[in-house]
Amino acid sequence: MALKCGIVGLPNVGKSTLFNALTSTAAAEAANFPFCTIEPNVGTVGVPDPRLYALAELAKSEKIIPTSLEFVDIAGLVKGASKGEGLGNQFLGNIREVDAIIHVVRCFDDGNVTHVHGGVDPVRDAEVIETELALADLESVEKRLANLQRKAKGKVDSDTATQIELLQKLKPLLEEGRPGRELEVRDADEAKVLKGFQLLTTKPLMYVCNVSEEEITSGNAHVEKMRAYAKQQEAEVVMISAAIEAEVAALEDEAEKQEFLESLGLKETGLAQVIRSAYSLLQLLTFFTVGPKEARAWTVKQNAKAPQAAGVIHGDFERGFICAETISHADYVTCKGEAGARDAGKLRQEGRDYVVKDGDVFHFRFNV
């Protein structure tokens, strides 16, 4: 199942236009009034990776299958959403289901496009959304903490004690309007418990600055403000022009798309940057399987071991894992394929403790 990235922001900042361009569909209606999007739109997008095509060419693969991410276009939040304003709790529930948040902020001036606060200020807009998410988390934390303390009645097991301790640390943080991701955890066990709370403000976050077509290469003062703000949040910033992305998505010929981008002084679409950044944000890496039938990219979490990677392909591969025949992408290309890599001594047999590296080309040996 593809991991989900939720696209959030105030109404009329370009979320649905971005979603349409990402998924190359017109499924998400884009219009100049608040709450145009009510039910979330969902689309799956292939992660651009030139390495896959290089492998496919060498192996003369019939099919090429990239790895993918799922994007969810979530309706615009407004101030007071945590108390039910706008479409409030429904939107917050949609955000709770995603793995990472892509926060779109408006960084262009256009009197013809309504702004819910009357003027463009991306930092103010970002703070509005984040305050609402923090308030929603605060309510969730208070309820969970009260329930645990009531059930414990003085007899607390270690797991419950850890939950209570973390919730007590989260409460003052959220009361100050700060995100839960700022909470420092002691170890992997605490991190797992914190993730289990499914808080909105502990999800990985990136900002997408939506600028005008004229400012896509130069940026503007709004973008610089957002970069400074994002640095404080230790968040990444990607600058795109949703209008340009929509124009590119409407072109069917790849050469025509590239020509259009080059005419604007761009090497690639902003969407390619968004997808790659989202992939990195979720702490994912890519490994490959290659053969004459297909060349395929697969997704696994960073620091995963070889049996876990095998399990991504099929559960039987993990259960019956024997070894992973492994070639790095660079060696596969340099040696002109698997046979050349084997002859050059670049094909390795790795066991259960092998930590997967980005770009590994695997052939798994298993027995069930």
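Definitions and cut-offs
Every chain begins its residue count from 1, and numbering advances along the sequence as written. Local features in a predicted model are, by the rule used here, given only for residues with pLDDT of at least 70; side-chain atom pairs are given and counted only at 80 or more, and totals for whole chains, interfaces and linings are based on all residues. To obtain the side-chain values, all non-hydrogen atoms of the structure were used and water was disregarded. In this description a helix means any DSSP run of H or I spanning at least four residues, a strand means any run of E spanning at least two, and both kinds are numbered starting from the N terminus. Using a 1.4 Å probe, accessible areas were evaluated by the Shrake-Rupley method; residue-level cover was limited to the displayed protein chains. Residues enter a patch when their relative accessible area is above 30% and they make no salt bridge; the linking distance is 9 Å between like charges and 5 Å between nonpolar side chains (Val, Leu, Ile, Met, Phe, Trp, Tyr). What counts as a salt bridge is simple: a side-chain nitrogen of Lys or Arg found within 4 Å of a carboxyl oxygen of Asp or Glu. In this tally, Asp and Glu contribute negative charge and Lys and Arg positive charge; neither His nor the terminal groups of the chain are included. Note that the charge is assigned to NZ on lysines, CZ on arginines, CG on aspartates and CD on glutamates. Exposure classes here rest on a 1.4 Å probe applied to the protein chains alone. A residue is buried below 20% of its type maximum, exposed above 50%, and partly exposed in between. Here a pair means two rings of Phe, Tyr or Trp (six-membered ring of Trp) with centres within 6.5 Å. Their orientation is stacked below 30 degrees between planes, edge-to-face above 60, and tilted elsewhere. Here the expected span of a helix is defined as 1.5 Å times the quantity of residues minus one. What the arc measures is the spread of directions leading from the helix axis to the C-beta atoms. The contact rule is simple, with two residues in contact once any of their heavy atoms fall within 4.5 Å. Definition of a polar contact: a pair of N or O atoms within 3.5 Å, with one able to donate and the other able to accept a hydrogen when the atoms are protein atoms, and with sequence-neighbouring residues admitted only if both atoms are side-chain atoms. Every angle, taken between N-to-C directions, lies between 0 and 180 degrees, and every axis is a line fitted to C-alpha atoms, over only the stretch in contact when it is a helix. Reported orientations rely on four angle classes, namely roughly parallel under 35 degrees, roughly antiparallel over 145, roughly perpendicular from 65 to 115, and oblique for the rest. Charged means Asp, Glu, Lys or Arg here, nonpolar means Ala, Val, Leu, Ile, Met, Phe, Trp, Tyr, Cys or Pro, and polar covers whatever is left, Gly included. The pairing criterion is simple: DSSP has to find at least two bridges between the two strands. We define a nonpolar core as any set of buried Ala, Val, Leu, Ile, Met, Phe, Trp, Tyr and Cys residues linked to one another through side-chain atoms lying within 4.5 Å.

Participant: In this structure, what is going on with the overall build of the protein chain? I would like to understand it.
Facilitator: Each helix and strand in the protein chain was counted, giving 14 helices and 12 strands. Element-wise, carbon and sulfur atoms account for 49% of the exposed surface of the protein chain, whose accessible area totals about 18200 Å².

Participant: Would you explain a negative patch on the surface in this entry?
Facilitator: A cluster of like negative charges, contributed by E252, D253, E256, E259 and E262, occupies part of the molecular surface. Positionally, E262 belongs in helix α9 (residues 254-263). Residue E262 is classed as exposed on the basis of its relative accessible area of 53%.

Participant: Whenever I open this one, the pattern of salt bridges confuses me. Can you help?
Facilitator: Two side chains with opposite charge may pair up if their charged atoms get near one another. Throughout the structure, instances matching the rule amount to 21 salt bridges. Across the salt bridge formed by D358 and R51, the nearest N and O atoms sit 3.0 Å from each other. Pair noted here: D358 is in the loop between β11 (348-350) and β12 (361-366) and R51 is in helix α2 (residues 50-59), with a separation of 307 residues, a long-range link. Given a relative accessible area of 22%, R51 falls into the partly exposed group.

Participant: Looking at this model, I keep getting lost on the packing of aromatic side chains. Mind explaining?
Facilitator: Given two aromatic rings, one states the distance between the centres and the angle between the planes to describe the pair. Counted by the stated rule, this structure contains eight aromatic pairs. With 6.2 Å between their ring centres and 85° between their planes, F287 and F364 make a pair best called edge-to-face. With F287 in strand β8 (residues 284-290) and F364 in strand β12, this pair connects stretches of sequence that are 77 residues apart. Residue F364 is classed as buried on the basis of its relative accessible area of 8%. Ring centres of Y354 and F362 lie 6.3 Å apart, and the angle between their planes is 90°; on these two criteria the pair is classed as edge-to-face. A single burial state applies to Y354 and to F362, both of which are buried. The structure contains a cluster of three or more aromatic residues connected by ring pairs, namely F287, W298, F321, Y354, F362 and F364.

Participant: Help me understand helix α7 (residues 221-233) in this model?
Facilitator: Since the α-helix packs 3.6 residues into each turn, any two residues three or four apart lie on the same face. When the terminal C-alpha atoms of α7 are compared, their 19 Å separation across 13 residues agrees well with the 18 Å that a helix rising 1.5 Å per residue should span. Among the residues of α7, H222, V223, M226, Y229, A230 and Q233 are the ones counted as buried. All buried residues of α7 fall inside an arc of 125° around its axis, so they share one side. Those residues of α7 that are exposed and aimed more than 90 degrees away from the buried face are A221, K231 and Q232. Lining the buried residues of α7 we find β5 (100-106), α4 (122-152), β6 (205-210) and β7 (236-240). Where α7 starts, the residue carrying a side-chain oxygen 3.0 Å from the main-chain nitrogen of H222 turns out to be N220.

Participant: Teacher, can you tell me more about the packing of helix α8 (residues 242-250) against α9 here?
Facilitator: The relative placement of two packed helices is expressed as an angle between their axes plus a distance between the axes. Relative orientation of the contacting elements α8 and α9 amounts to 155°, with a least axis distance of 9 Å. One way to sum up the angle between α8 and α9 is to call them roughly antiparallel. Between α8 and α9, the residues in contact are I244, E247 and V248 and K257, F260 and L261, respectively. Partitioning the contact of α8 with α9 into residue classes produces four nonpolar, no polar and two charged.

Participant: Can you walk me through unusual backbone geometry in this structure?
Facilitator: Note: most peptide bonds trans; most residues except glycine with negative phi. For Q198, which is not glycine, the phi dihedral falls at a positive 55°. Residue position: Q198 is located in the loop between α6 (188-196) and β6. Overall, the relative accessible area of 46% leaves Q198 in the partly exposed class.

Participant: Explanation requested: the environment of G196 in the structure shown.
Facilitator: When you line up the elements, G196 lands in helix α6. With 33 residues separating them in the primary sequence, G196 and Q163 have C-alpha atoms 9.7 Å apart.

Participant: What's the story with the pairing of strand β1 (residues 3-8) in this structure? I'm lost.
Facilitator: Look at any regular strand and the pattern is simple: side chains alternate between the two faces of the sheet. As paired strands, β1 and strand β4 (residues 68-73) are joined by five bridges and run parallel to one another. Considered in β4, the bridge of K4 is made with E70. Where β1 meets β5, four bridges bridge the pair, whose relative direction is parallel. By the bridge assignment for β5, G6 is matched with I101.

Participant: Would you mind going over the nonpolar core with me for this structure?
Facilitator: The nonpolar side chains of soluble globular proteins are, as a tendency, buried together. Membership of the largest hydrophobic core comes to 60 residues, with the highest contact counts inside it found for L69, F71, I102, Y207 and M226. Filtering out sequence-adjacent residues up to four positions away, F71 remains in contact with C5, I7, F19, L22, N41, V42, G43, V45, I102, V274, I275 and A278. Listed in part, the 16 residues of the second largest apolar core include L138, L183, V193 and L199.

Participant: Explanation requested: the side chain of H222 in the structure shown.
Facilitator: Within the element layout of this structure, H222 appears in helix α7. What H222 contacts, discounting residues up to four positions off in sequence, is C107, F108, D109, V120 and P122.

Participant: How do you make sense of the environment of G320 when you look at a structure like this?
Facilitator: Considering the arrangement of structural elements, one finds G320 in the loop between α12 (315-319) and β10 (321-327). For the pair G320 and P307, spaced 13 residues apart in sequence, the C-alpha to C-alpha distance is 8.9 Å. When residues no more than four places from it in sequence are discounted, the contact partners of G320 are R365, F366, N367 and V368.

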